[in-house]
Amino acid sequence: MKTVHCHKCTKELSNNEIALNLKLLGKHIGTLHCYQCLSEYLRCDTVRLQELAEQYKSSGCLLFQTNYTA
Ligand SMILES: [Zn+2]
């Protein structure tokens, strides 16, 4: 078990948050952000990001089937 933290505010990240970072910003980014900081960066709602994550997850996106904190 490992924990991944937001690069900016150091909040612990959920699996969906990690997957969304990879989905939106690319697989090779070294810094991950929580919904809150990501929304500031992308200038959109945190709710919108959460919906987006759920949408990707339920559509079967492989990034969201991976367990990043195992
Ligand atoms: Zn953050």
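As shown above, the structure is provided for reference.
Going along each chain's sequence as written, the residues are numbered from 1 onward. Local features in a predicted model are, by the rule used here, given only for residues with pLDDT of at least 70; side-chain atom pairs are given and counted only at 80 or more, and totals for whole chains, interfaces and linings are based on all residues. Remark: hydrogens and water are excluded; side-chain values derive from all non-hydrogen atoms of the structure.

*Asks:* Where do I start with the packing of helix H1 (residues 15–25) against helix H3 (residues 46–58) in this structure?
*Replies:* When two helices pack together, their arrangement is given by the angle between the helix axes and by the axis-to-axis distance. Every axis corresponds to a line fitted to the C-alpha atoms, with the helix fit spanning only the stretch in contact, and the corresponding angles, defined between N-to-C directions, vary from 0 to 180 degrees. What counts as a helix is a DSSP run of H or I of at least four residues, what counts as a strand is a run of E of at least two, and both are numbered from the N terminus. H3 packs onto H1 with a crossing angle of 85 degrees between their chain directions and a minimal axis gap of 10 Å. In terms of axis orientation, H1 runs roughly perpendicular to H3. Listed contacts from H3 to Asn 16, Leu 20, Lys 23 and Leu 24 of H1 are Leu 49, Leu 52, Ala 53, Glu 54, Tyr 56 and Lys 57. In this classification, Asp, Glu, Lys and Arg are treated as charged, Ala, Val, Leu, Ile, Met, Phe, Trp, Tyr, Cys and Pro as nonpolar, and every other residue, Gly included, as polar. Of the residues that constitute the contact of H1 with H3, the class distribution is 6 nonpolar, 1 polar and 3 charged. If an angle is under 35 degrees, it is roughly parallel; if it is over 145, roughly antiparallel; if it lies from 65 to 115, roughly perpendicular; otherwise it is oblique. Note on contacts: a residue pair is in contact if any heavy atoms of the two residues lie within 4.5 Å.

*Asks:* Can you help me understand the coordination of the zinc ion in this one?
*Replies:* Note on metal sites: the ideal angle is 109.5 degrees for four tetrahedral donors, and 90 or 180 degrees for six octahedral donors. Because water is not among the atoms used, a metal site may look incomplete, as its donors are only the N, O and S atoms within 2.8 Å, or 3.2 Å for Na, K and Ca. With distances of 2.3 Å, the protein atoms coordinating the zinc ion are Cys 6 (SG), Cys 9 (SG), Cys 34 (SG) and Cys 37 (SG). One chain supplies every donor for the zinc ion, spaced along it as C-x2-C-x24-C-x2-C. Remark: exposure states derive from per-residue accessible area (1.4 Å probe, protein chains only) relative to the maximum for the residue type, with buried under 20%, exposed over 50%, and partly exposed in between. The class for Cys 9 is partly exposed, based on a relative accessible area of 38%.

*Asks:* Would you take a moment to explain the pattern of salt bridges for this structure?
*Replies:* Salt bridge, as used here: a side-chain nitrogen of Lys or Arg that lies within 4 Å of a carboxyl oxygen of Asp or Glu. Inspection of the entire model under this criterion finds 3 salt bridges. In this structure, Glu 40 engages Lys 8 in a salt bridge whose closest nitrogen and oxygen atoms are separated by 3.0 Å. With Glu 40 in helix H2 (residues 35–42) and Lys 8 in the segment before H1, the pair connects residues that are 32 residues apart, well separated along the chain. Look at Lys 8 and you get exposed, because its relative accessible area is 53%.

Without other data, these values stay purely geometric and don't point to any function.
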